Amino acid sequence: MELGRFAPTPSGRMHLGNVFSALMAWLSAKSAGGEVLLRIEDLDTVRCTAQNTALLRDDLRWLGLRWDREQPCQSSQGARYAAILEELRQRGLVYPCWCSRADIEHAANAPHASDGHTVYPGTCRALSEEERAERMAKKTPLWRLRVPDGTVSFTDGHFGPYRENLAVECGDFILRRADGIFAYQLAVVADDIAAGVTQVVRGRDLLPSTPRQLLLYRLLDAAPPQYYHIPLLTAPDGRRLSKRDRDLDLGLLRQRFTAEELIGRLAHAAGLTDTDRPCTAEALIPAFSWDKVPREDIAIHL
Ligand code: GLU
């Protein structure tokens, strides 16, 4: 059976973009006769509060997006992530790194990816065991995954073929920060594997993260899910919506619209219905099809 998921980060009130992702994830799983899992991605324990989490659950229920199962929140899963990191370390696949962001920016040999960002130049990749022990005694390191040279490719269920050479475009990426917080890349893969998630639906801003996650699936010898990335919502002028657009968070949207009005408008903007008449998420299941959803970003005016 298909298993989709909601994986929200409760760093603020749910906004329109999150609602769209949740609606599409729910419809994709339900239209395939599957179930939906809820997982609270609260790795950043400073920004993610219990109050935001409570509001998030309430908002999902208000929207009529009920989940069938729930996974423990990520902030409670540190021991599991640590065990996976340790396994990768024993296989020589991760290494400790003491470079600061400034060290990397200023490294003379730092390569740049096609989007201009600095790729980690591998400064700490080949330190000897003595050098590591010496630094370890002075400062807590972060941990990086050794990225092999070669292309990772996959076919997104909505955007089609996608490929990336991680060594060129990304470099050895972080699995655990020096402050102990595990990276999203590690936690999301560990949890989707543990739950048996078969489909991941999320904004296309996470498309470039996918090759990193696929590499982790490969190293952990697990079958990856089918990915469906979705277009982003923009303001009518094409500007990308963000959490700063406070009028689009559910606190205010719930004062202006009913859940059915909001779902009706989003469904119409996503090409799923002919009109923006109010409707429930449930009513959209029979006619849901990825073929109807545009690939271009979606300008929305509420
Ligand atoms: N927690 C992430 C977010 O809210 C989503 C992660 C994912 O869907 O893989 O942006």
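Refer to the structure presented above.
Predicted model only: the values in this text are computed from it and were never measured. (Residues numbered from 1 in each chain as written. Predicted model: local features only at pLDDT ≥ 70, side-chain atom pairs only at ≥ 80, totals over all residues. Heavy atoms only, no water.)

(A) Representation of helix H3 (residues 78–90). Here H3 is 13 residues long and its end C-alpha atoms lie 18 Å apart, about the 18 Å a rise of 1.5 Å per residue gives. What H3 keeps buried is the set Tyr81, Ile84, Leu85 and Leu88. Viewed along the axis of H3, the buried residues span an arc of 100°, placing them on a single side of the element. Exposed side chains of H3 directed beyond 90 degrees from the buried face belong to Ala79 and Gln90. Remark: Gly92 follows H3 within two positions and exhibits a positive phi of approximately 75°. (Helix = DSSP H or I, 4+ residues; strand = E, 2+ residues; numbered from the N terminus. Expected span 1.5 Å × (residues − 1). Buried < 20%, exposed > 50% of the residue type's maximum accessible area, 1.4 Å probe, protein only. Arc of directions from axis to C-beta.)

(B) Representation of the packing of aromatic side chains in the model. Counted according to the given criterion, the structure contains 5 aromatic pairs. Summarising the aromatic geometry, the rings of Phe154 and Tyr227 are spaced 5.9 Å apart at their centres and angled 70° between planes, so their arrangement reads as edge-to-face. Taken together, the positions of Phe154 in strand E6 (residues 151–156) and Tyr227 in strand E10 (residues 226–230) put the pair 73 residues apart, joining distant regions of the chain. An aromatic cluster of at least three residues, connected via ring pairs, comprises Phe154, Tyr162 and Tyr227. The ring of Tyr120 carries the charged tip of Arg144 above its face, separated from the ring centre by 3.7 Å. (Phe/Tyr/Trp six-rings, centres within 6.5 Å; stacked < 30°, edge-to-face > 60°. Lys NZ or Arg CZ within 6 Å of the ring centre and 35° of its normal.)

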